[in-house]
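What follows is each chain in one-letter form.
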Amino acid sequence: MDKLAQPASDGTGIRQLDGSSFLTVPQLAQLLHVNEKKIYQLAGVGEIPGTKVTGKWIFPRRLIEDWLLENSHGGVMHDRLLIAGSDDRLIQQLCNLAASDWQQQALISYSPTGTRHGLRMLDTGRVDACFINWGASESSARRHMGLLRRYRNHQSWVIVRCLQRKQGLLQRQAATEYETASATDTINRLIGDTRLRWAMRSDDSGTTRLLEDLCSVQGSSASALQTSIWCDSETAAAAALNRGHADLCCASQGIARDFGLHYLPIADVSLDLVMSRKSYFRTLVQDFIARLLDNQTHQLAEQLGGYSVLPASQLLTID
């Protein structure tokens, strides 16, 4: 094993203990000048990035470097906010406005990866916060809690409830054969029509989760639908309909209006913001949460259509 006195080859100032990309508990304890018991304590409560392999803790060297930087003197990365998760037009525009206001003072980045992919990134410390939606609003509190408990670091997370949006099925044009049917009957018939082509999102997205719930009512599954194209966003799915690549997709009411598509309502969905307790108290995070509730956001939500901004954010902890 190399001695601790040898500097890291990448210039970070962190001493390399060997050539591996991972550190063991004894190596990390030596690096941080603490005893091994302290490392186990930090890892057990999710305070330090690591994972168990065959029952033993290992720690990715790159994430440890990021963790040290973030926790040094208030964090040298205090001037950036990385957000992942649900694909949403209102959130995208809010991030754009924040980026414009902050200018060179801070960086904000929004990556609409889908709910579960975003949570995986949050769990491994690659992003600071994640927007999630996982089904209809009336059951979202229970569902969101159940979803978050699947991730290793969930006990160190908090949930900020702030937004809702209307979600439904989008069609290129209304099906004339269903004109006399109710909206519910029309949706059921559309889902059961094997001739129709669907623009689908990944299984990580809340949009697909909602569609899966809809199919399950009929004893079916979203995987049984005829998928003609896979899309990485609701905008891409709506564009696929306009180009004639698909007949149906699941997306928000605002997207339907923007693309001139026929809209059949399914449910309201909640957009919750998830982050660690420590991140919640950061200045940039508090500024962004304040933006979610201000008058400009209410006006923007009304312009986009199909959104509800809660009068005050609700902070929830995860047991």
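Note that the structure is predicted; figures quoted are calculated from it, not measured.

Parameters at a glance
- Residues numbered from 1 in each chain as written.
- Predicted model: local features only at pLDDT ≥ 70, side-chain atom pairs only at ≥ 80, totals over all residues.
- Heavy atoms only, no water.
- Salt bridge = Lys/Arg side-chain N within 4 Å of Asp/Glu carboxyl O.
- Helix = DSSP H or I, 4+ residues; strand = E, 2+ residues; numbered from the N terminus.
- Pairing = 2+ DSSP bridges.
- Axes fitted to C-alpha atoms, helices over the stretch in contact; angles between N-to-C directions.
- Contact = heavy atoms within 4.5 Å.
- pLDDT = per-residue confidence, 0-100.
- Core = buried A, V, L, I, M, F, W, Y, C linked by side-chain atoms within 4.5 Å.
- Buried < 20%, exposed > 50% of the residue type's maximum accessible area, 1.4 Å probe, protein only.
- Lys, Arg positive; Asp, Glu negative; His and termini not counted.
- Parallel < 35°, antiparallel > 145°, perpendicular 65-115°, else oblique.
- Nonpolar A, V, L, I, M, F, W, Y, C, P; charged D, E, K, R; others polar.
- Phe/Tyr/Trp six-rings, centres within 6.5 Å; stacked < 30°, edge-to-face > 60°.

### Brief notes about the pattern of salt bridges
Counted by the stated rule, this structure contains 15 salt bridges. Between D101 and R291 there is a salt bridge, with the nearest N and O atoms lying 3.0 Å from each other. One end of the pair, D101, is in helix 4 (residues 89–102); the other, R291, is in helix 12 (residues 283–293), with 190 residues separating them in the sequence. Notably, a salt bridge pairs D193 with R195, separated by 2.7 Å at the nearest N-O pair. Connected through salt bridges with shared partners, the residues R80, D128 and R282 form a single ionic network.

### Concerning the sheet that holds strand 3 (residues 56–60)
Within the open sheet, the three strands sit side by side as 1-3-2. Their pairing is antiparallel. Each end of this open sheet is capped by a strand with a single partner; those strands are strand 1 (22–24) and strand 2 (51–53). With direction set aside, neighbouring strand axes in the sheet form an average angle of 45 degrees. As judged from the three bridges shared by strand 1 and strand 3, these two strands associate in the antiparallel manner. Paired with L23 across the two strands is F59, which belongs to strand 3. Against the sheet, helix 1 (residues 25–32) makes contact with strand 1 and strand 3, and its axis sits at roughly 90 degrees relative to strand 1, the strand it touches most.

### A closer look at the confidence of the model for the protein chain
For the protein chain, the average pLDDT comes to 87, and 89% of its residues sit at 70 or higher. This stretch, residues 1–17, has a pLDDT under 50; its non-local contacts, to residues over four places away or in other chains, come to 36 contacts.

### A few points about the nonpolar core
Membership of the largest hydrophobic core comes to 31 residues, with the highest contact counts inside it found for I83, L273, M275 and F288. Per-element tally for this core: the top contributor is helix 4, with six residues. Apart from the residues within four sequence positions on either side, I83 is in contact with C95, I108, S109, Y110, S111, A129, F131 and F288.

### A word on the side chain of R201
Here R201 shows up in the loop between strand 8 (198–200) and helix 8 (206–217). As a buried residue without a salt bridge, R201 has its nearest oppositely charged side chain in D87, at a separation of 4.1 Å.

### Remarks on unusual backbone geometry
In this structure, H33 is a non-glycine residue whose phi angle is positive, near 60 degrees. Within the element layout of this structure, H33 appears in the loop between helix 1 and helix 2 (36–44). You can call H33 exposed: its relative accessible area is 67%. Even without being glycine, T54 reaches a positive phi, approximately 50 degrees. One can find T54 in the loop between strand 2 and strand 3.

### With respect to the packing of helix 1 against helix 2
Relative to each other, helix 1 and helix 2 sit at 105 degrees, their axes nearing to 9 Å. Accordingly, the angle class assigned to the pair helix 1 and helix 2 is roughly perpendicular. Contacts from V25, P26, L28, A29 and L32 of helix 1 reach helix 2 at E36, I39 and Y40. Broken down by class, the residue content of the contact of helix 1 with helix 2 amounts to seven nonpolar, no polar and one charged.

### Some details on the packing of aromatic side chains
All told, the structure shown has four aromatic pairs when counted by the stated rule. Relative to W157, the ring of Y151 lies with its centre 6.1 Å away and its plane at 35 degrees, an arrangement referred to as tilted. Of the two residues, Y151 and W157, both sit in the buried class. Measuring from centroid to centroid gives 5.1 Å for Y280 and F281, while their planes differ by 80 degrees, and the two rings are edge-to-face. A relative accessible area of 64% places F281 in the exposed class.

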